[in-house]
Amino acid sequence: MTGGQPLGSERCIELCCNRPLFRRIKRQKLSAKFDLSEMSSRETIASLLRRSDFESAASLTADLLTKDPSNDDLLGLLALAREGSGDGAGAEDAFRSAIAHARDEAHRIRYASNYAAHLIDQDRRVEARALIDREWIWSAVEGAKPEFVEAAFNLARILQFCDLGDSAIALLRKVSQTSHNSFELLHYFVELLSDRGFHEEAYGIVRDAPSELQAHEDFSALRAFVAAKAGRAAEAGEAVNAYVECHPVYLTPRPHDGKIGVVVINRKPDAENLIRNRIDHHFCDNYPRQLAQRFSTQYVFDSIFVPCNATGISQLAFDRPRIGINNITNAEFLLSHDTYKEIQFVERALNFDFINRAEICLNCTRQLNAIAFSEIDNIVVPRIERFFKRTGEERQIAKFIAKEFEYPLIVRGVYENMGQNLHLVNTMQELIDGLTTIPGTEIYVIQFVDKPPGREHFRRMRAAFVEEEPVIVRADYSPFWMIHGRVPHSLVPDFRYSGELYKERPELLEHANQIMRKPEQELGKNAIKALQNLAHVCPLDIFGLDFDVDEHGRVVFFEANATMNFYINSEPELPYPVEPFGELGITGLR
């Protein structure tokens, strides 16, 4: 998809305003008003801005303005140059002058949008809102020219960021009726409508889109998204398959400079994720994505969906890969619909070493892991059982489970990771509610293990295993059983997090960090030995393990899977120690 990416020849710059991926246009297009000499000078200024040589750009622009002081295009460039050089007051003067001398409404809106974005950068959102929430915007919509449509598109993003989403939608409703529509505008408009719950309207706009927009290479992704949001599951599934057929492979942008190629096998995306950028369709937020982000200077990371035909596989030859990572590792999912056979087809067709091959992952269901790990000395494995359920029979199933387990217990879906469809239940009614909420016909029930007697808070640690060597990459305390640790609250808004605890109890933060720095000293030799023995038992090449250590020095097993995040996001003031990652050899690429 193109959402969040630079549009056309424009250069987009990210705003650091506590909202991810908000972008604005920072460079205006050439105007036919200029003669060749002026055009050459303007291109020189634009080139200086692209190279971040703001001082030179400002100097050259100021010289040109002495000959034409009311040239709005030059004033707009001067504002950007001064902004880049840190001259905020000078930038604002230039923005105001550009707005005052704008030759038409399209340019006026463009300068106002850039000025508003500048104010947002300065945490002056009230002023930004006052600047762009004006009646003159609407008077310019009728009979809009292509330049206006582009300017209005950028303005709508500023309006949204200033909590004027209704105004942004009203603006785009008018603009989208013109003959100058674009796929980028359609994509943004549909996403904005869906964010505000107008799913049927978004669906209708995509359904009735002009044929030239439907011919866009990412149109099927947009159609899948709106169909899913509007509750049309069958149509969404068809559109996802159409998108995957067109884009079975993601190839890393060239040049590669002789770097080793790595191919990651990924699941085809869910329809609702297809509103994101194309790379995000292939790479979700887990361990292989972290590798692709952190080791892009050493390796070329490509991706391929399964199922995939020979044509898709042949596309990978351009990057000459030598190593593969299977990122579809949930054994339950692999067994469903014979997915593992589709992965094996790709593994065999590519014919080089793969990390966590499908046939290995098949032996790592939650139940099989529990059985294997329970035979290791000094490891406590909570009881886990798999149950089948039918709609309308939740109460009967709950009564049976209650006879087999003691409260509290955990019920969760079979196919999910990362805490999805996971419920801690303490009563019969909570158990019934959990069974009703979890989709599908299969669930896991796990005996909940409480914190050790005398310990005030829950604790969770994570070990990364690469080539059978455990390294502690996370340790956290929390007053709550589901521990999100130091993850920024903006990323998990539905959960309270440990950062609040650490600010009140800094000694807990220090101890958590000390566990990561010196695990054997803090956890005991027996616990570390148990982790090492577990590494020998688990057949996976690379995997993560969430665990605790009880009052007897025994490892309490929580979960193990092959796609856990090893690099954990944290609040800037609560970083994880960096020492363990030096020991990890995290790439795992042999």
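Scroll up a little and you will see the structure.
Everything in this summary refers to the structure shown in the same document. (Residues numbered from 1 in each chain as written. Predicted model: local features only at pLDDT ≥ 70, side-chain atom pairs only at ≥ 80, totals over all residues. Heavy atoms only, no water.)

Before going further, it helps to spend a moment on the overall build of the protein chain. For the protein chain, the helix and strand inventory stands at 28 helices and 16 strands. By the burial criterion, 53% of the 590 residues in the protein chain qualify as buried. In the protein chain, once contacts between residues fewer than 6 apart in sequence are set aside, the share between residues at least 24 apart is 65%. Total accessible area on the protein chain stands at roughly 27,200 Å², and carbon and sulfur atoms take up 49% of it. (Helix = DSSP H or I, 4+ residues; strand = E, 2+ residues; numbered from the N terminus. Buried < 20%, exposed > 50% of the residue type's maximum accessible area, 1.4 Å probe, protein only. Contact = heavy atoms within 4.5 Å. Areas by Shrake-Rupley, 256 points an atom, 1.4 Å probe, with all protein chains shown as cover.)

To continue, consider the sheet that holds strand E10 (residues 409-413). With antiparallel pairing, four strands are arranged side by side in an open sheet as E9-E12-E10-E11. Across the chains shown, the open sheet's two edge strands, defined by having one partner strand only, are strand E9 (384-388) and strand E11 (422-425). Taken over all neighbouring pairs, the strand axes of this sheet differ in orientation by 25° on average, direction set aside. Relative to strand E12 (residues 442-447), E10 is paired through five bridges, and the arrangement is antiparallel. Looking at E12, one finds that Val411 is bridged to Val445. Contacting E9, E10 and E12, helix H21 (residues 366-374) runs over the sheet at an angle of about 155° to E9. Contacts from helix H23 (residues 428-437) reach E10, E11 and E12 within the one sheet, and its direction differs from that of E11 by about 170°. (Pairing = 2+ DSSP bridges. Axes fitted to C-alpha atoms, helices over the stretch in contact; angles between N-to-C directions.)

Before going further, it helps to examine the side chain of Asp548. Assignment of secondary structure puts Asp548 in strand E15 (residues 542-549). Since its relative accessible area comes to 7%, Asp548 is described here as buried. Among the polar contacts listed, one links the side chain of Asp548 to the side chain of Arg455, at a separation of 2.7 Å. Within the local environment of Asp548, its side chain forms a polar contact with the side chain of Arg459, the two groups lying 2.8 Å apart. Setting aside chain neighbours within four positions, we find Asp548 in contact with Pro452, Arg455, Arg459, Met461, Arg554, Val555, Val556 and Phe558. (Polar contact = N/O pair within 3.5 Å; in protein donor to acceptor, adjacent residues only side chain to side chain.)

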